[in-house]
Amino acid sequence: TTDFGIDKALKTLGVEGVNEGTSTGSNSFSNGDIIESFSPVDGQLIGKVKTTTKEDYEVVMDRATSAFKTWRTMPAPQRGEIVRQFGEKLREKKEALGKLVSYEMGKSYQEGLGEVQEMIDICDFAVGLSRQLHGLTMHSERPGHRMYEQYHPLGVVGIISAFNFPVAVWAWNTALAWICGDVCVWKPSEKTPMCGVACQNIAAEVFKENNLPEGICNLINGNYEVGEFMTKDARIPLISATGSTRMGKIVAQEVAARLGKSLLELGGNNAIIVTPDADIKMTVIGAVFGAVGTAGQRCTSTRRLIIHESIYDQVKNAVVDAYKQLRIGNPLDENNHVGPLIDTDAVTMYNNALTQVVEEGGNIVVEGGVLSGEGYESGCYVRPAIAEAKSHFKIVQHETFAPVLYLLKYSGEVENAIAIQNEVAQGLSSAIMTNNLREAERFLSVAGSDCGIANVNIGTSGAEIGGAFGGEKETGGGRESGSDAWKVYMRRQTNTINYTAELPLAQGIKFDL
Ligand code: NAD
């Protein structure tokens, strides 16, 4: 691993050896068991992180609730200045953090850098936003009255994140929550704990340099049980949870039981519709990157291609040809296109999906398989596979978090393709490849895609931070990142001020004393 500068990156990020998994810097402590983090790249131990016990968690919550009292009174543009400094620190540490993301999660180094770039971008966005937390003013129906609304911070925001975006999802939430005046407690995925500690170290430096309490930014570590400390905790008004639909259904109920708010970013089952008017070259690039990028472990990965029968063979052959060129191997080596899955459990799920699609009547057109031998010692490298399938297959209706692409055929008008695209339970990302204006507009219309993201002549995979990110149905309904997603991190208050010496009642009601 030293070949790729991993040791140096770990040193730069201050995460060598055994790490405290509960906050950091002068505030770091942990009394729980140790998580050993092994890289899916080469199976080597990266480092260790101690987990957070319930007692540790109580200390964190005391710090967080007390830090909130300071942080909330700081003017929002000044909080923006802190986020600006955090963005600067990320720029300094971009290579090191991108490398750790790649090594601990298994995505390509380019994608690791891209993830850190997203963190930087959301910081820039948040800095501008810190001067734009606007409410509306309304005209009161009563004379001599003024009515307006304002947004106040919520308090402690709990963030639970998935392994596949081990750093960016936290930043999307935390940069906005901070400028809104909230403090955060983050539980990263137990599969990528080193990334969590590295981010916390970077943020802690900024708070320290500004003499601000580190309780504004808190880290806890462990599995779902540590997540449950937060979901059951009435001191946390908002839980932002990213992960599987299975997890989201549990978290949503826990949080709703105490009437808290949840922001859910769950699984997708994303499709690209390819119509007879599609640009085939663009389609192939979009589909292949979408299906095999991050080894099919993006929430926006392309899982289904819905192809018109008139061009079905042409598109199939082009995609199959492109798959022949894929190089699978160490993601830190920029010559490779596809890295490993996160762990051997994920490999089992991938194998099961390929078995199931055949059992249901599917036809494999690009063989999958697990790679072994030199360079594949971790046991996590698999061949991206393609199967011809039918939309009603159970496996096609399910999100398999691996590089398995299903080819589905449609005939007739684009409405038929839209119906297939919408008949899954998930509603995250969707795309149409067409140069036909009527088809594109039908896809985007009220009767079109039912997803949170709908693209024309772009694949399903990836998004810019400027737009609100999230999806419908079993994807959970949450929106984060750009647009007005910030509003979920604040509470809205309507204020009416009477500047007369009378007390007129609303709706003209008379109450004479
Ligand atoms: P996961 O659901 O296994 O775990 C996600 C996080 O939830 C982890 O931190 C885990 O410890 C925690 N968790 C699990 N059960 C919990 C519980 N009962 N209470 C509290 N916390 C709990 O997901 P994963 O395997 O890490 O990630 C892959 C999934 O995430 C895929 O389904 C993918 O589509 C989804 N995802 C969605 C988005 C999005 O924005 N929509 C982004 C990234 C990943």
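Presented here is an overview of the structure given in this document. Note that this is a predicted model, so its numbers are computed, not measured.

### Some points on the packing of helix α3 (residues 76-92) against helix α5 (residues 109-129)
When two helices pack together, their arrangement is captured by the angle between the axes and the distance separating the axes. Interaxial distance between α3 and α5 falls to 9 Å at its minimum, and their mutual angle equals 160 degrees. As summarised for this structure, α3 and α5 are arranged roughly antiparallel, according to the angle between their axes. The hand of the α3/α5 crossing is left-handed. Touching Gly80, Val83, Arg84, Phe86, Gly87, Leu90 and Arg91 of α3 are Val116, Met119, Ile120, Cys123, Asp124, Ala126 and Val127, all from α5. Along the lines of polarity and charge, the residues of the contact of α3 with α5 split into nine nonpolar, two polar and three charged.

### Thoughts on unusual backbone geometry
Most peptide bonds are trans, and most residues other than glycine sit at a negative phi. Within the chain, Asn457 stands out as a residue other than glycine whose phi angle is a positive 60 degrees. By relative accessible area, which is 23% here, Asn457 ends up partly exposed. Positive phi is not limited to glycine here, since Ser483 has a value of about 50 degrees. Of note, Ser483 is situated in the loop between β21 (480-481) and β22 (490-498). By relative accessible area, Ser483 is classed as partly exposed at 42%.

### Considering the site of the ligand
Around the ligand, the structure places 28 residues, and the nearest of them are Ser161, Glu190, Ser244, Leu266 and Glu399. Contacts to the ligand include Gly243, whose backbone N or O atom sits 3.2 Å from an oxygen atom. Interatomic distance of 2.6 Å between a side-chain N/O atom of Glu399 and an oxygen atom of the ligand. Considering the ligand on its own, with 850 Å² of exposed area, one finds that the protein chains cover 92% of that surface. Mapped onto the shell around the ligand, the elements with two or more residues apiece are α8 (224-231) and α9 (245-257). Residue classes in the shell around the ligand are distributed as 13 nonpolar, ten polar and five charged.

Parameters and conventions
Residues numbered from 1 in each chain as written. Predicted model: local features only at pLDDT ≥ 70, side-chain atom pairs only at ≥ 80, totals over all residues. Heavy atoms only, no water. Axes fitted to C-alpha atoms, helices over the stretch in contact; angles between N-to-C directions. Helix = DSSP H or I, 4+ residues; strand = E, 2+ residues; numbered from the N terminus. Parallel < 35°, antiparallel > 145°, perpendicular 65-115°, else oblique. Left-handed = near helix turned anticlockwise from the far one by under 90°. Contact = heavy atoms within 4.5 Å. Nonpolar A, V, L, I, M, F, W, Y, C, P; charged D, E, K, R; others polar. Buried < 20%, exposed > 50% of the residue type's maximum accessible area, 1.4 Å probe, protein only. Near = heavy atom within 4 Å. Polar contact = N/O pair within 3.5 Å; in protein donor to acceptor, adjacent residues only side chain to side chain. Areas by Shrake-Rupley, 256 points an atom, 1.4 Å probe, with all protein chains shown as cover.

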